[in-house]
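Here is what each chain is made of, one letter per residue.
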Amino acid sequence: MIELVDYGFGPGAQARVAEARLPGRDGALAALETFYYALNSKDLETLVAGWADDELVQLNNPIGGILRSREAVRDLYARVFAGTLNVQVTFGDAATYWLGDSVVFAGREVGTYRHPELGEQPLRIRTTRIFRYAGTWQQIHHHGSIDDADALARYQSAIRS
């Protein structure tokens, strides 16, 4: 089944770790919401636990490029969370592909980051997240990209400073 859903998982998202163990739709949505809770709350341990422990899980994004392994995911988000930026995004407008023991969420992250010198800056990221079920729902792939070249350059510079 394919459906279009505006999830609205953002700064108000909840940690639903126990529910992410449920098979099916409810568990997958709990895992997705838990990711956005962890991202917006800078909860590194919860965020990393939501990724499968496999050397070939992959994160492709404007900050880290192509990274493989849960440890590489940890290292990237540890750097982002330790920095001075306060990234807040909400996930929605997602085509959702339900595939039995896996699901693809392809949508948008819309929000802001606060830079000490530039102030609050808009953030718009096209994003795809893939989860699989193996006793719990865990993320196995993420691809995020920023279309606006100037916005991308500002965001990369802000993260690296």
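A quick note: this is a predicted structure, and the numbers were derived from the prediction, not measured.

**Student:** Tell me what's going on with the packing of aromatic side chains, and back it up with residues and numbers.
**Tutor:** A ring pair, where both rings are aromatic, is described by two values, the distance of the centres and the angle of the planes. Under the criterion given, the structure shown has 11 aromatic pairs. Consider the rings of Tyr7 and Phe91, whose centres lie 6.1 Å apart with planes at 10°: the pair is stacked. Taken as a pair, Tyr7 in the loop between β1 (2-5) and α1 (25-41) and Phe91 in strand β4 (residues 86-98) lie far apart in primary sequence, 84 residues in all. Accessibility assignment for this pair places Tyr7 and Phe91 in one class, buried. With a centroid separation of 5.1 Å and an interplanar angle of 55°, the aromatic rings of Tyr113 and Tyr155 are classed as tilted. Linking Tyr113 in strand β5 (residues 102-115) with Tyr155 in helix α4 (residues 149-160), this pair joins segments that are 42 residues apart in sequence. Grouping aromatic residues by their ring pairs yields a cluster made of Tyr7, Phe9, Phe35, Tyr36, Tyr77, Phe81, Phe91, Trp98, Phe105 and Phe131.

**Student:** Describe the pattern of salt bridges, listing the residues and the values that go with them.
**Tutor:** Tallying each qualifying case throughout the model produces 10 salt bridges. Between Arg25 and Glu3 there is a salt bridge whose closest N-O contact spans 2.6 Å. Of this pair, Arg25 sits in helix α1 while Glu3 sits in strand β1, placing them 22 residues apart in sequence. As a salt-bridge pair, Arg16 and Glu19 come within 3.0 Å of each other at their nearest N and O atoms. Judged by its relative accessible area of 18%, Arg16 falls in the buried class. Salt bridges sharing partners connect three or more residues here, namely Arg16, Glu19 and Glu33.

**Student:** Explain helix α3 (residues 70-82) to me, and be specific about the residues and the numbers.
**Tutor:** With 13 residues, α3 should cover 18 Å at 1.5 Å per step; its first-to-last C-alpha distance of 18 Å lies within 8% of that length. Those residues of α3 not exposed but buried are Arg70, Ala72, Val73, Leu76, Tyr77, Val80 and Phe81. Looking straight down α3, one finds its buried side chains confined to an arc of 160°; they lie on one side. In α3, the exposed positions angled more than 90 degrees off the buried face are occupied by Arg79 and Ala82. Considering only its buried residues, α3 is in contact with α1, α2 (44-49), β2 (58-61), β3 (65-68), β6 (119-133) and α4.

Conventions adopted
Residues numbered from 1 in each chain as written. Predicted model: local features only at pLDDT ≥ 70, side-chain atom pairs only at ≥ 80, totals over all residues. Heavy atoms only, no water. Phe/Tyr/Trp six-rings, centres within 6.5 Å; stacked < 30°, edge-to-face > 60°. Helix = DSSP H or I, 4+ residues; strand = E, 2+ residues; numbered from the N terminus. Buried < 20%, exposed > 50% of the residue type's maximum accessible area, 1.4 Å probe, protein only. Salt bridge = Lys/Arg side-chain N within 4 Å of Asp/Glu carboxyl O. Expected span 1.5 Å × (residues − 1). Arc of directions from axis to C-beta. Contact = heavy atoms within 4.5 Å.

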